[in-house]
Amino acid sequence: MSFTLSGDDVCQLTYPSPIPDPYWVAFSPSAAKLIQLDLDASGLPSDPAWLELLAGNTLSTSKHNFANPIATVYSGHQFGVWAGQLGDGRAILLGNIQGQELQLKGAGKTIYSRMGDGRAVLRSSIREYLCSEAMYALGVPTTRALSVVGSSLPVLRESLETAAVCARLAPSFIRIGHFEHFAFTQNIVRLKELADLLIQDHYPECESDSEPYLELFKQICIRNAKLVAQWQAVGFCHGVLNSDNISALGLTMDYGPFGFLDQFEIDHICNHSDHGGRYAYHRQPQIMHWNMACLASGFLPLLELTHDEEEAQSRLRGVLEEFPVMYAQTWQSLFRQKLGLLTADEADISLIERLLQAIHDSKVDFTSFFRTLSQIKLDQPIHQITLRDHFIDRELIDQWFTDYALRLQSESSVDSARMKSMNLVNPKYILRNHLAQTAIEKAQQHDFSEVSRLMNILSRPYDEQPEFEAYAVPPPEDLERVEVSCSS
Ligand code: AMP
Ligand code: MG
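Residues numbered from 1 in each chain as written. Chains lettered and ligands numbered in written order. Predicted model: local features only at pLDDT ≥ 70, side-chain atom pairs only at ≥ 80, totals over all residues. Heavy atoms only, no water.

Draft legend 1. Just the coordination of the magnesium ion (ligand 2), in detail. Asn-245 (OD1) and Asp-254 (OD) make up the full set of protein donors to the magnesium ion (ligand 2), lying at 2.1 Å. Here Asp-254 falls in the buried class, since its relative accessible area comes to 13%. (Donors = N, O, S within 2.8 Å, 3.2 Å for Na, K, Ca; no water. Buried < 20%, exposed > 50% of the residue type's maximum accessible area, 1.4 Å probe, protein only.)

Draft legend 2. Region of the structure containing the side chain of Thr-252. Tracing the backbone through its elements, the reader meets Thr-252 in the loop between β11 (236-237) and β12 (259-260). Here the side chain of Thr-252 touches Pro-141 through a polar contact of 2.7 Å, landing on its backbone oxygen. Residues contacting Thr-252, with those up to four places away along its chain left out, are Met-135, Val-140, Pro-141, Thr-142, Thr-143, Leu-227, Trp-231, Phe-236 and His-238. (Helix = DSSP H or I, 4+ residues; strand = E, 2+ residues; numbered from the N terminus. Polar contact = N/O pair within 3.5 Å; in protein donor to acceptor, adjacent residues only side chain to side chain. Contact = heavy atoms within 4.5 Å.)

Draft legend 3. Spotlight on the pattern of salt bridges. Tallied over the entire structure, the rule returns 28 salt bridges. The residue Glu-265 makes a salt bridge to Lys-363 at a minimum N-O spacing of 3.1 Å. You can see Glu-265 sitting in the loop between β12 and α7 (284-303) and its partner Lys-363 sitting in the loop between α9 (348-361) and α10 (366-373), a full 98 residues away along the chain. For Glu-265, a relative accessible area of 13% gives the class buried. Taking the relative accessible area as the measure of exposure, Lys-363 reaches 41% and is therefore partly exposed. When the shortest N-O distance is used, the salt bridge between Glu-469 and Lys-428 registers 2.8 Å. Placement of Glu-469 in the segment after α14 (449-458) and of Lys-428 in the loop between α12 (415-423) and α13 (433-444) is noted, with a sequence separation of 41 residues between them. (Salt bridge = Lys/Arg side-chain N within 4 Å of Asp/Glu carboxyl O.)

Draft legend 4. Just the site of ligand 1, in detail. Taken together, 17 residues lie around ligand 1, and Gly-87, Gly-89, Arg-114, Gly-118 and Asn-245 are the ones closest in. Between ligand 1 and Gly-118 there is a distance of 2.8 Å, counted from a nitrogen atom to a backbone nitrogen or oxygen. In this structure, a nitrogen atom belonging to ligand 1 sits 3.3 Å away from a main-chain N or O atom of Arg-119. Coverage of ligand 1 by the protein chains reaches 78% of its 480 Å² of free accessible surface. (Near = heavy atom within 4 Å. Areas by Shrake-Rupley, 256 points an atom, 1.4 Å probe, with all protein chains shown as cover.)

Draft legend 5. Fine view of the packing of aromatic side chains. Evaluation of the coordinates by the stated rule reveals 21 aromatic pairs. Geometrically, the ring pair formed by Trp-24 and Phe-27 is edge-to-face, given 5.4 Å between the ring centres and 75° between the ring planes. Put simply, the rings of Phe-264, Tyr-281, Trp-331, Phe-335, Phe-366, Phe-369, Phe-370 and Phe-391 pair up and form one aromatic cluster. Sitting above the plane of the Phe-258 ring, Arg-127 keeps its charged end 4.1 Å from the centroid. The ring of Phe-335 is capped by Lys-338, whose NZ or CZ atom sits 6.0 Å from the centre of that ring. (Phe/Tyr/Trp six-rings, centres within 6.5 Å; stacked < 30°, edge-to-face > 60°. Lys NZ or Arg CZ within 6 Å of the ring centre and 35° of its normal.)

Draft legend 6. Spatial organisation of helix α5 (residues 188-202). The first and last C-alpha atoms of α5 sit 20 Å apart over 15 residues, in line with the 21 Å expected at 1.5 Å per residue. For α5, the set of buried residues is Arg-190, Leu-191, Leu-194, Ala-195, Leu-197, Leu-198, Ile-199 and His-202. Where the residues of α5 are buried, they touch α4 (176-184), α6 (212-234) and α7. (Expected span 1.5 Å × (residues − 1).)

Draft legend 7. Structural view of the pairing of strand β5 (residues 81-85). Alignment of strand β4 (residues 75-78) against β5, held across three bridges, turns out to be antiparallel. Residue pairing across strands places Gln-78 opposite Val-81, the latter belonging to β5. Here β4 folds back onto β5, and the loop between the two strands holds two residues, one of which, Phe-79, carries a positive phi near 50°. (Pairing = 2+ DSSP bridges.)

What follows is the structure in structure tokens.
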């Protein structure tokens, strides 16, 4: 990795397995900027070797040579149960460019593939690509997607599909699972190297702390607490918050059966395999907290280098106990912004919660509601607020609008300024499942125009784009519950 960590107990030299007839499905010029890639007029890499590189068919371009591609080992908890060793079963890290690790997902088997084929299908690769870049544009920390390269290679899932490789970029792909792995295997040397590497490359502010490892643990908790608050604020459900899918940098990563909320259902489950709803929308904060507890067990041996067991546990527990506060602070601040509030008042929390309960009860579209809320004028009689028509209990929502207007008046809110600031935090365009599905179905017929159109729209989620109004509206009833297969 920037994993300068090496050794058979950390990673394995792994060459990508070539795919036949590679072709561009999608390419993100915005992500390409991160690695200062030269692009031609059509927005694709000028050097044709990049198509072969990102397909996993070569390891060099005119400027780069990735001689030591690797797959790394990690472990993790899946659905709350210790799963033991996992590792990069279908991701191969080519190397580092301009501080970004370049990883190919779906580039063939690795030593950690277990029963898997090391591949990813076109459908799931397009979803990962679109969502990574959409999240970035929304301002939510995420791994990036540089490209999707397709192939005629058949891949068997529920039915026969074709393979694709998604190239991902991130400053580091280190996960909570990496810590869990070295702690579980009692490989304290590697565990320490891992923590030192993270501090050196990504958390330099921890170095001068009197307790660098405890501080590192705290900073990782803070980033992930903020991350999950941001997910809640844009109505994003990750779907598989296993500890091996949680980034040590606080990035959204490993996009699978994720989903943005259309109608607001607080207990929405986007992953069809998640029968118990462990990863439902409203459980995400507590599950992230749980994952930080897994991370704490990974940090325990590090703290035990300088403290006895009881003291080490107590210090880690102290940080863990702060997690709900870290989360709540960001959540409250984000939802105040969503309501266009400039100041903080204790009573805001109940104002926000009453609203969420009401939009849940009436199954109102989460994104459209907040976007439209910015249009309310303070001197507008309540019966003229068209948004109230979406609610079943008019009396209840009228009371809410009355209280909201009073709250805005209390801070002398100005309609035009509030609308402007609200539109910077309440997106108009999100990656709704049915939009992704349409783009995927066209791509499966070798028409990539919809992937590209959708990407362009989602790259400016807070802008009005009148020509694309149709992409902002909730799904038509028959597409409300597009079934997304979890196999990928
Ligand atoms: P995920 O649920 O996608 O986060 O994957 C969990 C584990 O399974 C990770 O170790 C993945 O690398 C591995 N995995 C998932 N799909 C495949 C596949 N098709 N081939 C090999 N390994 C896979
Ligand atoms: Mg994963």
